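# Descriptive analysis of the structure
Chain by chain, the residues:
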2 protein chains.
Amino acid sequence: MAVYKRYHKEDTVSYTLGITVTFEMLRFKKEYASKVYVHSAMKQGDTLDKLAAICRDAGIGIVYADKIFNVLSQKENCYIIGEFKKFSCRLDNTKPHIVLVNPSNSGNMGTIIRSALGFGLNQMAVIRPAVDIFDPKVVRASMGALFSTDFEYFSSFDEYQENNGGREIYPFMLDAETSLHNLAPKGRYSLVFGNEATGLPEEFANTGTPVVIPHLKGIDSLNLPVAAGIAMYEATKACFK
Amino acid sequence: MAVYKRYHKEDTVSYTLGITVTFEMLRFKKEYASKVYVHSAMKQGDTLDKLAAICRDAGIGIVYADKIFNVLSQKENCYIIGEFKKFSCRLDNTKPHIVLVNPSNSGNMGTIIRSALGFGLNQMAVIRPAVDIFDPKVVRASMGALFSTDFEYFSSFDEYQENNGGREIYPFMLDAETSLHNLAPKGRYSLVFGNEATGLPEEFANTGTPVVIPHLKGIDSLNLPVAAGIAMYEATKACFK
C-alpha cells in the first residue's frame, strides 16, 4: 500500500492541488507529469472524461486514492491532484524580467507569478534565501501560471546580474525619487521587488533607477503582490495599446 | 477565571491581533478600545511602555493573560491583542467610494482596505452576502487601515445607489469595453468590484461605465486585491501629481 508524505522542498516531484491547476500543468508541462490522483468524491462527467483522455493519450497513470488528499491538501473541495517531476528553466535575457529578492510567502509568490503572466512577463529571477517555487502553495496561488513561466534561482543579485547583463534595473523602494507614473521602460529591463516585511536592502538605492509607487503616508506600504501588480501594469502599458 | 471564546460575527467586540494593528486601533478608534491583552513572552521595553502609557491615559485595562492568544491567534509571534467595541460609520457621498460586491475572503478584504487607504480612498461600501469586516483576519490584513476607513453594508447594489445618488459608477468586468488606461474619474465616483470566484453579476454590464484591466488571455483573471489595487492606483493618479 502506498504511503503518502507531505511535500518537502527536497522532493523530486511536486503537486498540483485542484482541477484547474492540474489542467494547466497537463497543458504546458505534460512531459513532466507522472501521475494524476482522483478522489472518490470527484463527479463523473465531462471534466473527468477530458482529464482521463489527456492522461491516456500521454501515458500518465490515473490513481484513484483518497488518502493523498488528506496528506497534501487542506482545501475541502480539492478532488484532483497532479504529480509532476520538477523541471528547470533558463531566463531569456532578451525579455523583461521580474526579480524577487528574498520572497518569504508562498501565496504571495504564486499571486505575483499569476499577475506577471497576465502582463506578458513570464521571466522570473528569484534571489535566495527564498521560498520554494515548486511548493504546492505557490503552484496553486499561481493558478497554474507557473507552468508558463521561466524562472531561475540565484544566490545573490550580483550573480543574477553577472548572468544577465545589459539590462535596465528598476528596484521598487519606498524612498525612491522616480515615480512609477513616469516609468515607460523599453528593451531589456528588470523590475525588482524585495521581501514582504523588510523590502529591498539599502544598497539597491544605488542600483539602476529606484522607483516608488506614490501613495499616502496613512499606510506604511502596499502589500507585496499588490505593489508588484501595479508596477507590472504600468511598466507594460505600451504593450496593451 | 476568564473563559475566552473564538471570535463570532455576532459578538459585540472584535480584536486586533498584533502590535502594529493594536497601535493603529488605539490611534484612530481609542474611544472603542475596551482592553489590551499582553502575552508573557512580550518583551519589556519601549514598545510595551508606550502601549501601557496610552492605555493608562485612556483608562483602558491591560490584562496579562496567555490563554486568549491560543484561542484567537494562529500566528506564533502575536504577543499583543486589543479588544474593541464594534462601531458603525456612514459613507460620505461627496467622496470617491470603493464598492465590494459579495466579497468572500477576509484576507482579501483587509488587503483591499489597506491599498484603498494608501490611495486616499477610505470610503467602502460592502454589498451582502459578504464577509464580516470586523473579523480579526480582515482587521489584521488591513494592517489597521480599517480604523481610518468609513464603511457601510447594504443588502443590494440598488440600496447602495438609493442612499448614494449622483455618482459615476465604474464596475470592473473582464468583458468591458473601456480600458482602465483611459480612466480618469473626477468628482463623485464608485469603483465596483465583484466576488473572488464569480466576478460581478451580468447586470453590471448595463450599469455606469464598465471598465477592464487589459491583460493577456494566459490567465483567466487577476487576483481580486491585485486588480483592485491596480484600479485604485490608476483612478487616483491625478491626486499624486
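Treat the numbers as computed from the prediction; the structure is a model and nothing was measured.

Residue and element names in this part refer to chain B. Inspection of the secondary structure assignment puts Lys 30 in the loop between helix 1 (19-28) and strand 2 (33-38). Taking the C-alpha atoms as reference points, Lys 30 and Tyr 189, separated by 159 residues in sequence, lie 31 Å from one another. Lys 30 has contacts with Met 25, Ile 54, Ala 58 and Ile 60, leaving out every residue within four places of it along the chain.

Looking now at the sheet that holds strand 3 (residues 61-64) of chain B. Residue and element names in this part refer to chain B. Across the sheet, four strands lie side by side as 1-4-2-3; this open sheet has mixed pairing. The open sheet terminates on both sides in strands that have one partner only, identified here as strand 1 (13-17) and strand 3. On average, each strand axis in the sheet is inclined to that of its neighbour by 25 degrees, with strand direction left out of account. Relative to strand 4 (residues 80-85), strand 2 is paired through five bridges, and the arrangement is antiparallel. Looking across to strand 4, one finds that Lys 35 is bridged to Glu 83. Here helix 1 sits on the sheet in contact with strand 1, strand 2 and strand 4, set at roughly 35 degrees to strand 4. Helix 2 (residues 46-58) contacts strand 2, strand 3 and strand 4 of the sheet and is inclined by roughly 155 degrees relative to strand 2.

Below, the discussion takes up the relation of the copies chain B and chain A. Once turned by 180 degrees and shifted 0.0 Å along the axis, chain B lies on chain A with an RMSD of 0.0 Å. Here the copies are linked by what is in effect a two-fold axis. Comparing interface residues between copies, 100% of those in chain B also sit at the interface in chain A, which points to an isologous, same-surface contact.

Turning to the pattern of salt bridges, a few remarks are in order. Pairing of side chains with opposite charge becomes possible as their charged atoms draw close. All names here are of chain A. Within the structure shown, the criterion is met by nine salt bridges over all chains. Its salt-bridge partner being Arg 90, residue Glu 152 comes within 3.2 Å of it at the nearest N-O pair. A residue pair is termed long-range when its members are at least 10 positions apart, and Glu 152 in strand 7 (residues 150-154) and Arg 90 in the loop between strand 4 (80-85) and strand 5 (97-101) qualify at 62 residues.

Below, the discussion takes up the packing of aromatic side chains. All names here are of chain A. Overall, the coordinates contain 32 aromatic pairs over all chains when judged by the stated rule. Between Phe 84 and Phe 147 the ring centres are 5.2 Å apart and the planes differ by 85 degrees, which places this aromatic pair in the edge-to-face class. With a gap of 63 residues between them, Phe 84 in strand 4 and Phe 147 in the loop between helix 5 (136-141) and strand 7 connect regions that are remote in the sequence. Taking 6.3 Å as the distance between ring centres and 45 degrees as the angle between the ring planes, the aromatic pair formed by Phe 87 and Phe 147 counts as tilted. A residue pair is termed long-range when its members are at least 10 positions apart, and Phe 87 in the loop between strand 4 and strand 5 and Phe 147 in the loop between helix 5 and strand 7 qualify at 60 residues.

Attention now moves to the sheet that holds strand 10 (residues 189-193) of chain B. Residue and element names in this part refer to chain B. One open sheet holds the five strands; their spatial order is 7-6-5-10-8, and the pairing between them is parallel. This sheet does not close on itself; its edge strands, each paired only once, are strand 7 (150-154) and strand 8 (168-171). Between one strand axis and the next, the sheet turns through 20 degrees on average, direction left out of account. Relative to strand 7, strand 6 (residues 123-127) runs parallel, the two being bridged by five bridges. Pairing of Ala 125 across the sheet is with Glu 152, part of strand 7. Seen against the sheet, helix 4 (residues 106-118) touches strand 5 (97-101), strand 6 and strand 7 and runs at an angle of roughly 155 degrees to strand 6.

Residue and element names in this part refer to chain B. Running from N to C, helix 1 and helix 2 cross one another at 30 degrees; their axes reach a closest spacing of 11 Å. Compared by their axis directions, helix 1 and helix 2 come out roughly parallel. Here the hand of the crossing between helix 1 and helix 2 comes out left-handed. Facing Ile 19, Thr 22, Phe 23 and Leu 26 of helix 1, the residues of helix 2 in contact are Thr 47, Lys 50, Leu 51 and Ile 54. Partitioned by chemical class, the residues of the contact of helix 1 with helix 2 number five nonpolar, two polar and one charged.

Moving on to unusual backbone geometry. Glycine aside, residues mostly have negative phi angles, and peptide bonds mostly take the trans form. Residues and elements named next belong to chain A. Cis rather than trans, the peptide bond between Arg 128 and Pro 129 has omega equal to -5 degrees. Here Asn 102, not a glycine, exhibits a phi torsion of approximately 55 degrees, which is positive. The residue Asn 102 is located in the loop between strand 5 and helix 4 (106-118) in this model. Look at Met 143: it is not a glycine, yet its phi comes out positive at around 55 degrees. Topologically, Met 143 is positioned in the loop between helix 5 and strand 7.

The next thing to look at is the packing of helix 7 (residues 224-235) of chain A against helix 7 (residues 224-235) of chain B. Here helix 7 of chain A crosses helix 7 of chain B at 55 degrees, and the two axes come no closer than 8 Å. In terms of orientation, helix 7 of chain A and helix 7 of chain B fall into the oblique class. For helix 7 of chain A against helix 7 of chain B, the interelement crossing comes out right-handed. For the pair helix 7 of chain A and helix 7 of chain B, contact is made by Pro 225, Val 226, Gly 229, Ile 230, Tyr 233 and Glu 234 of chain A and by Pro 225, Val 226, Gly 229, Ile 230, Tyr 233 and Glu 234 of chain B, respectively.

About the cut-offs
- Residues numbered from 1 in each chain as written.
- Chains lettered and ligands numbered in written order.
- Predicted model: local features only at pLDDT ≥ 70, side-chain atom pairs only at ≥ 80, totals over all residues.
- Heavy atoms only, no water.
- Helix = DSSP H or I, 4+ residues; strand = E, 2+ residues; numbered from the N terminus.
- Contact = heavy atoms within 4.5 Å.
- Pairing = 2+ DSSP bridges.
- Axes fitted to C-alpha atoms, helices over the stretch in contact; angles between N-to-C directions.
- Least-squares fit on C-alpha atoms with pLDDT ≥ 70 in both.
- Salt bridge = Lys/Arg side-chain N within 4 Å of Asp/Glu carboxyl O.
- Phe/Tyr/Trp six-rings, centres within 6.5 Å; stacked < 30°, edge-to-face > 60°.
- Parallel < 35°, antiparallel > 145°, perpendicular 65-115°, else oblique.
- Left-handed = near helix turned anticlockwise from the far one by under 90°.
- Nonpolar A, V, L, I, M, F, W, Y, C, P; charged D, E, K, R; others polar.

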